[in-house]
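# Understanding the architecture of this molecule
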Amino acid sequence: MEKFDKIIKKFMLIFLVLTVTAAGFNGFFLKWALRDNDPLWGIEAYMEGTARRPFAHRVLLPELSKTIVAAIPADTKEKWAKRLIERREIEKKYAQANIPPKYVLEYYLVFIFTFLSLFAIIWILRSILCEVTGDKVAGTLAALLFGLIVPYIEVLGGYFYDFPEFLAFFLAVRFALSGRLIALLILTPIAELNKETFFFFLPTLFPFLRQKLDLKKSAAYILSAMFIAGVTYLFVLSRFNENMGNMADWRIIDHAQDIFRVGSYFITDSIYGIALPSRMFITHILYVVWIGKTSWKFLSDEWKLHVKIALAINGALYFMFVVPGELRDLGLTFMSFMILTAYFIRDVIRKCYGLEAAK
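Residues numbered from 1 in each chain as written. Predicted model: local features only at pLDDT ≥ 70, side-chain atom pairs only at ≥ 80, totals over all residues. Heavy atoms only, no water.

Among the surface-exposed residues, V262, F266, I282, L286, Y287 and V288 lie close enough to one another that they form a single nonpolar patch of about 600 Å² accessible area. Within the secondary structure, I282 is located in helix 14 (residues 282-295). (Patch = residues over 30% accessible without salt bridge, like charges linked within 9 Å, V, L, I, M, F, W, Y side chains within 5 Å. Areas by Shrake-Rupley, 256 points an atom, 1.4 Å probe, with all protein chains shown as cover. Salt bridge = Lys/Arg side-chain N within 4 Å of Asp/Glu carboxyl O. Helix = DSSP H or I, 4+ residues; strand = E, 2+ residues; numbered from the N terminus.)

What follows is about the layout of surface pockets. Roughly 1,200 Å³ of internal volume is contained in the largest pocket. Lining the largest pocket are 37 residues, with M280, H284, V288, L327 and L330 sitting closest to its centre. At the level of elements, helix 7 (136-153), helix 13 (252-258), helix 14, helix 15 (301-321) and helix 16 (334-352) are the ones that each hand at least two residues to the lining of the largest pocket. For the lining of the largest pocket, the element with the most residues is helix 14, which contributes 8 residues. Contributing to the lining of the second largest pocket are 31 residues, with P54, R58, E196, A248 and F321 lying nearest its centre. Here the lining of the second largest pocket gets 4 residues from one element, more than from any other, and that element is helix 15. (1 Å grid on protein atoms, 1.4 Å probe; cavity = no way out; pocket = protein on both sides within 12 Å on 5 of 7 lines; lining within 4 Å. Points joined across faces, edges and corners; volume = space filled by probe spheres on them.)

Here we come to the environment of E91. Topologically, E91 is positioned in helix 5 (residues 89-93). With relative accessibility at 14%, the residue E91 sits in the buried group. For the pair E91 and A33, spaced 58 residues apart in sequence, the C-alpha separation works out to 9.6 Å. Aside from chain neighbours lying at most four places away, what touches E91 is A97, I99 and Y108. (Buried < 20%, exposed > 50% of the residue type's maximum accessible area, 1.4 Å probe, protein only. Contact = heavy atoms within 4.5 Å.)

The next point concerns the state of the cysteines. Scanning the model with the defined rule gives 0 disulfides in all. Looking at C130, it has no disulfide partner, and the nearest cysteine sulfur is the one in C352, 19 Å off. Taking relative accessible area as the criterion, C130 reaches 12% and is therefore assigned buried. The exposure class assigned to C352 is exposed, which follows from its relative accessible area of 63%. (Disulfide = S-S within 2.5 Å.)

Turning our attention to the environment of K293. Note that K293 resides in helix 14. Spatially, the C-alpha atoms of K293 and E192 are 33 Å apart, while their sequence positions differ by 101 residues.

This paragraph deals with the pattern of salt bridges. Tallied over the full model, the rule gives 17 salt bridges. A salt bridge links K66 to E63, with the nearest nitrogen and oxygen atoms 3.5 Å apart. A residue pair is termed a helical-turn pair when its members lie 3 or 4 positions apart in one helix, as K66 and E63 do in helix 3 (residues 60-70) at 3 residues. Overall, the relative accessible area of 24% leaves K66 in the partly exposed class. Between R88 and E91 there is a salt bridge whose closest N-O contact spans 4.0 Å.

Now for the packing of helix 3 against helix 6 (residues 104-133). Packing of helix 3 against helix 6 brings their axes to within 9 Å, and their N-to-C directions diverge by 125 degrees. Relative to helix 6, helix 3 is oriented oblique. In the crossing of helix 3 with helix 6, the sense of the turn from one axis to the other is right-handed. In contact with L61, L64, S65, K66, I68 and V69 of helix 3, helix 6 contributes L105, E106, L109, V110, F113 and T114. Of the residues contributing to the contact of helix 3 with helix 6, the split by class is 8 nonpolar, 2 polar and 2 charged. (Axes fitted to C-alpha atoms, helices over the stretch in contact; angles between N-to-C directions. Parallel < 35°, antiparallel > 145°, perpendicular 65-115°, else oblique. Left-handed = near helix turned anticlockwise from the far one by under 90°. Nonpolar A, V, L, I, M, F, W, Y, C, P; charged D, E, K, R; others polar.)

Let us look at the environment of I253. On the secondary structure map, I253 appears in helix 13. Classification of I253 as exposed rests on a relative accessible area of 61%. Sequence separation of I253 and M320 is 67 residues, and the distance between their C-alpha atoms is 8.7 Å.

Here 4 bridges tie strand 1 (residues 268-271) to strand 2 (residues 274-277), and the two strands are oriented antiparallel to one another. In the strand pairing of strand 2, D269 is matched with L276. Between strand 1 and the antiparallel strand that follows it, strand 2, lie 2 residues; Y272 among them carries a positive phi value of about 60 degrees. (Pairing = 2+ DSSP bridges.)

Where two aromatic rings form a pair, the distance of their centres and the angle of their planes describe that pair. Tallying each qualifying case throughout the model produces 28 aromatic pairs. Aromatic side chains F169 and F201 sit 4.4 Å apart centroid to centroid with 25 degrees between the ring planes, which places their arrangement in the stacked category. Of the two residues, F169 is situated in helix 8 (residues 162-178) and F201 in helix 10 (residues 198-201); the sequence distance between them amounts to 32 residues. Exposure remark for F169: the relative accessible area of 1% places this residue in the buried category. Owing to a relative accessible area of 0%, F201 belongs among the buried residues under this scheme. (Phe/Tyr/Trp six-rings, centres within 6.5 Å; stacked < 30°, edge-to-face > 60°.)

Together, K79, R83, R87 and K92 make up a positively charged patch on the protein surface. Per element, the largest residue contribution to the positive patch is 3 residues, and it comes from helix 4 (residues 74-87). Within the secondary structure layout, R83 lies in helix 4. (Lys, Arg positive; Asp, Glu negative; His and termini not counted. Charge placed at Lys NZ, Arg CZ, Asp CG, Glu CD.)

It is worth spelling out helix 1 (residues 2-32) at this point. Helical periodicity: at 3.6 residues per turn, an α-helix aligns residues three or four positions apart in one direction. Its 31 residues place the ends of helix 1 45 Å apart at the C-alpha level, agreeing with the 45 Å of an ideal helix rising 1.5 Å per residue. Buried residues of helix 1: L13, V17, V20, T21, G24, F25, G27, F28, F29 and W32, and no others. Packed against the buried residues of helix 1 are helix 5, helix 6, helix 7 and helix 8. A33 lies just past helix 1 and shows a positive phi near 50 degrees. (Expected span 1.5 Å × (residues − 1).)

Nothing here speaks to function; it is all geometry.
Next comes the structure, spelled out in structure tokens:
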């Protein structure tokens, strides 16, 4: 009976995570789909290899979907494509969706992989948060919360490759914490094929490796992973040298102007189909500051160092290359924010039940 009880609880948790994944993904896809019909960074441009740089460099899911479709027998491929075009399952539900008939199978595969990435994100994040905080309730709630705030993150632009990017970050932390360094090295080129930001995330893992290895070995692993990421990026870069755009777009002047514009802290946008506070809305900033202030004391030394490194690297990248208010490009700090949030939730729950806060 006890074993049956555990199985039922596991299925209930899977159902809960699946429901939250569906909600968060729906909020994203409702607004952006796969940027259909956009000639510069829409899904068809990725399939054709004509997307604008640096967006063109995010090739993992497009290449994976094309490889899978190429392996399907021609008659089966034709039958499945015809059926999907006739049924219009995605187009009937999402006004933004306009699937190119030429790439209907690839489109559905990217759709599925993106959804599964978010589902995996919540599971991996829950694993990390429960372990680090020592509280399964707080860890689970924080992981589910991340799934629900995804549409708030995907506001100025939403892209399918954001989800594998976040998944790669959380997986890298999971591998570093558990000492699975070979797995980390294997993950590196795959994550780099998805987005170049993984190169910059790798140094944030140093404090976790340092807990298990001496200084030289920790540095050697990080530098080895960065070398693999760098070579992978140069390979991708060479494929798209002729595409429109640049390696990155400078945004320093945009930030210098936006930071002093009062209106930028009171912007609303369509989130879950409703006009809600968006971007660097004043309340969002206050929430983050308060959570950080309240939870910082709970972090161990290695987590504090991780947060500091992530903030330093992502802060510099954000002000140099990111459109003001584009929250998805603060991805290097999401692990930091979620660990602080999990501790915040744990503290609130303990205080509600009259328990002593963790030291």
